[in-house]
Amino acid sequence: MANAGTLATTRLLHFLETPAGLSENLAAVAELQGIKLAPIEVKQIFTQSVAQKLVERSVDMKYPTLLLYCEKITNDLREKFRTFSGKAHMVIEVRVSQDRIEGVANLLQIYVDTVTRILDQNRGDWGNGMFYTGGYQAVFGQMEHGGRNFIQTAKITFEVAVSVD
């Protein structure tokens, strides 16, 4: 039932694109840090898992970028008479790049704080048989050469319970 991953990814994208989603939360987190950040545009959000080098070669890139995708689905048949009753293992990758090494990690943490804040605000019923109970894990990768000179990525993983016929 690959549709479970698509449904969860689409719903997550909706939460980010709403006025109270990414732009409002980014402004609030940046204000707490005492800095001003440009809002993330829709073209900076991808709903697929794509290697950083491949995206840079095929699309006009603007950082930061967000990648939303379902890493795997698990149909453990918790509800015996449903077609799919299990979990969608979701991923949000945040990629930040700039020409100076100073501040890349801090900038990445601000964007991760923004994304996790949105997840916290959307605990509960996501509709269409999806339910997010909360909880996530954020893993920060090491800084490397790429993007506009230096790039660092964080990977936020979480699970969405899915139950559909």
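Read on for an overview of the structure. In this text, all values refer to a predicted model and were calculated from it rather than measured experimentally.

Rules and cut-offs
- Residues numbered from 1 in each chain as written.
- Predicted model: local features only at pLDDT ≥ 70, side-chain atom pairs only at ≥ 80, totals over all residues.
- Heavy atoms only, no water.
- Helix = DSSP H or I, 4+ residues; strand = E, 2+ residues; numbered from the N terminus.
- Buried < 20%, exposed > 50% of the residue type's maximum accessible area, 1.4 Å probe, protein only.
- Expected span 1.5 Å × (residues − 1).
- Arc of directions from axis to C-beta.

### So, unusual backbone geometry
Peptide bonds are mostly trans, and most non-glycine residues show a negative phi.
Inference 1: Residue Pro64 follows Tyr63 across a cis peptide bond; omega there is 0°.
Inference 2: Relative to the elements of secondary structure, Pro64 occurs in the loop between helix H3 (52-58) and strand E2 (65-75).
Inference 3: You will see that Leu77, though not glycine, has its phi angle at about 50°, which is positive.
Inference 4: Summarising the element assignment, Leu77 is placed in the loop between E2 and strand E3 (84-98).
Inference 5: Of the residues examined, Leu77 reaches a relative accessible area of 35% and is grouped as partly exposed.
Inference 6: Even without glycine at this site, Asn128 takes up a positive phi of about 55°.
Inference 7: Asn128 sits in the exposed class, given a relative accessible area of 59%.

### Side note on helix H1 (residues 3-17)
Inference 1: If you check H1, its first and last C-alpha atoms are 21 Å apart, about what 15 residues at 1.5 Å a residue would give, namely 21 Å.
Inference 2: The set of residues buried in H1 consists of Ala4, Gly5, Ala8, Thr9, Leu12, Leu13, Phe15 and Leu16. Along the long axis of H1, the arc covered by the buried residues comes to 165°, so they all point the same way.

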